[in-house]
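Here's the letter readout for the chains.
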Amino acid sequence: MTWTAIVPLKAAAQRKTRLSGTLDSTAQAALAERMAAHVIGTLAGVPAIGAIRLLSPSPGTLPGTVWEPDRGAGLNAELDRVCASLRGARVLILHADLPLVTGEDIAALIAAAEAAGAAIAPDRHGTGTNALALRDAAPAGFAFGADSFARHLRLLPGAAAVRRDGLALDIDTADDIAAAGAALPLGRW
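A short tour of the structure in this document, coming up. (Residues numbered from 1 in each chain as written. Predicted model: local features only at pLDDT ≥ 70, side-chain atom pairs only at ≥ 80, totals over all residues. Heavy atoms only, no water.)

## Remarks on helix 3 (residues 103–116)
Okay, so step 1: End to end, helix 3 covers 20 Å across 14 residues, agreeing with the expected 20 Å (1.5 Å per residue, within 8%).
Okay, so step 2: Along helix 3, the residues classified as buried are Asp105, Ile106, Leu109, Ile110, Ala112 and Ala113. Burial along helix 3 is one-sided: seen end-on, the buried residues are contained in an arc of 160 degrees. Opposite the buried face of helix 3, by more than 90 degrees, sit the exposed residues Glu104 and Ala115.
Okay, so step 3: Just downstream of helix 3, Gly117 is the residue with a positive phi angle, here 100 degrees. (Helix = DSSP H or I, 4+ residues; strand = E, 2+ residues; numbered from the N terminus. Expected span 1.5 Å × (residues − 1). Buried < 20%, exposed > 50% of the residue type's maximum accessible area, 1.4 Å probe, protein only. Arc of directions from axis to C-beta.)

## Some details on the sheet that holds strand 3 (residues 66–69)
Okay, so step 1: With mixed pairing, the seven strands of this open sheet are ordered in space as 3-2-1-4-6-5-7. Sheet topology places strand 3 and strand 7 (160–161) at the edges, where each strand pairs with a single neighbour.
Okay, so step 2: As paired strands, strand 1 (residues 3–8) and strand 4 (residues 90–94) are joined by four bridges and run parallel to one another. Counted as the bridge partner of Ala5 is Leu92 from strand 4. (Pairing = 2+ DSSP bridges.)

Listed below in structure tokens is the structure:
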């Protein structure tokens, strides 16, 4: 069965603003674009992924994606709307700031969702949600934001928790940048 991947991506000026004390706005934008391209490219290499939708306020320039307009209702409401339009399809929501994510990570998340009905990948702190896979798309009352991992586990009873380095390390802080830099081969970061 094929899966539809949804990659939320904020407007260019709003990407990675939490890094403003670490990176200037030009560097923030470049980093966000590199990571998004990596995530999209990784998804494109996974045989189970049949389509990649970029949920964004404006069309992106990332090849291999279909633009899904973000109408400004907030991430959780936007994901509910998109999943309602895909009802019954297999859906993978993957954030665009995962510099270590691999095809094997995505395949593991999909396999877990196939078995359990849903799978959730927490961030490296065990509090946030970096990816979520649903064997049957429907509005779930998504809970991305603070403490989203625990909230998603409550919303999706029986969901598998998938803990993998490539799904766990998202980039929100200077510590995250340092962790990614230590994990990635020279020249890739």
